[in-house]
Amino acid sequence: MSSPRRGTDPSTEQRQLRPREEPDGLGRVLEDLFSGGGSVAVLTIPATLWLLSVTAGRSLFAAADVVFVFGVAFVSLAVSVSAFRGDWVGVGPAWPPRSYALAGLRVVGYNVALWAATSLALLPGLPAGPRIGVGAVSGDFVGVVVAVAVPPLAVAALLRACHAIYEFRTASA
């Protein structure tokens, strides 16, 4: 009597039995970017809703500065989360494992980082400089630099806080 078929052909079964190849450097970077960008996109829904409330009732061109600076801060946050999570930079402790308490801290930290970067970049007291961007969708140079610089600093501080909480929870357990 023949064994029951599992719905796969022999070549598929052989492929599943082989060890998986580790991705090369570019593959790891892309995986880290996808993972970091996805977590930032999901966890910063409150900041996106804040952006929508700030720009509600304004014309598209009046809200373009806010949306542009928010987008720059969002990309900076996603790249910095990917860099710290994937150990691209050797600064600070390793990214702690997932837990509900740390996920809550990350939600708060990511949203505060986006809010702070956007708000600081749009301060009226910042010196006006050349515009960066395309057409109406642009921002002042100093504001864009602030929007790029604040998220990595916030992620580094958040990483240290998450690591301290993780160490405290594992030491007491």
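Keep in mind the model is a prediction, meaning the values are calculated, not measured. (Residues numbered from 1 in each chain as written. Predicted model: local features only at pLDDT ≥ 70, side-chain atom pairs only at ≥ 80, totals over all residues. Heavy atoms only, no water.)

Before going further, it helps to spend a moment on unusual backbone geometry. The backbone of Asp87 sits at a positive phi, close to 60°, despite the residue not being glycine. Along the chain, the position of Asp87 falls in the loop between helix 4 (60-85) and helix 5 (100-121). (Helix = DSSP H or I, 4+ residues; strand = E, 2+ residues; numbered from the N terminus.)

Turning our eyes to something else, we now look at helix 2 (residues 25-43). For helix 2, with 19 residues, the first-to-last C-alpha span of 27 Å sits near the 27 Å given by 1.5 Å per residue. Among all positions in helix 2, only Gly27, Asp32, Gly36, Gly37, Ser39 and Val40 are buried. In the core, the buried residues of helix 2 are packed alongside helix 4 and helix 5. (Expected span 1.5 Å × (residues − 1). Buried < 20%, exposed > 50% of the residue type's maximum accessible area, 1.4 Å probe, protein only. Contact = heavy atoms within 4.5 Å.)

Taken together, the buried positions of helix 3 (residues 45-55) are occupied by Ala47, Leu51 and Thr55. Mapping the buried residues of helix 3 onto a view down its axis gives an arc of 70°, with all of them on the same face. Away from its buried face by more than 90 degrees, helix 3 exposes Leu49 and Leu52. Packed against the buried residues of helix 3 are helix 4 and helix 5. (Arc of directions from axis to C-beta.)

Relative to the helices and strands, Ser82 resides in helix 4. The class of Ser82 is buried, set by a relative accessible area of 0%. In this structure the side chain of Ser82 is engaged in a polar contact, spanning 2.8 Å, whose partner is the backbone oxygen of Ala78. Apart from the residues within four sequence positions on either side, Ser82 is in contact with Asp32, Leu33, Gly36, Gly37 and Trp88. (Polar contact = N/O pair within 3.5 Å; in protein donor to acceptor, adjacent residues only side chain to side chain.)

Here we come to a nonpolar patch on the surface. A grouping of Leu26, Leu30, Leu33, Val75, Val79, Trp88, Val89 and Val91 is seen on the molecular surface, where their side chains present a nonpolar patch of about 670 Å² in accessible area. Of all elements in the fold, only helix 2 and helix 4 reach the threshold of two or more residues within the nonpolar patch. If you tally residues by element for the nonpolar patch, the top one is helix 2, at three residues. You can call Val79 partly exposed: its relative accessible area is 36%. (Patch = residues over 30% accessible without salt bridge, like charges linked within 9 Å, V, L, I, M, F, W, Y side chains within 5 Å. Areas by Shrake-Rupley, 256 points an atom, 1.4 Å probe, with all protein chains shown as cover. Salt bridge = Lys/Arg side-chain N within 4 Å of Asp/Glu carboxyl O.)

What follows deals with the packing of helix 4 against helix 5. In contact at an axis separation of 9 Å, helix 4 and helix 5 are set at 140° when each is read in the N-to-C sense. Classified by the angle their axes make, helix 4 and helix 5 are oblique. Once helix 4 is placed against helix 5, the crossing between them reads as right-handed. Note on element contacts: helix 5 touches helix 4 through Tyr110, Ala113, Leu114, Ala117, Thr118 and Ala121, opposite Val66, Val69, Phe70, Ala73, Phe74, Leu77 and Val81. Across the contact of helix 4 with helix 5, the residue classes break down as 12 nonpolar, one polar and no charged. (Axes fitted to C-alpha atoms, helices over the stretch in contact; angles between N-to-C directions. Parallel < 35°, antiparallel > 145°, perpendicular 65-115°, else oblique. Left-handed = near helix turned anticlockwise from the far one by under 90°. Nonpolar A, V, L, I, M, F, W, Y, C, P; charged D, E, K, R; others polar.)

These results come straight from atomic positions and should not be treated as a statement about function.
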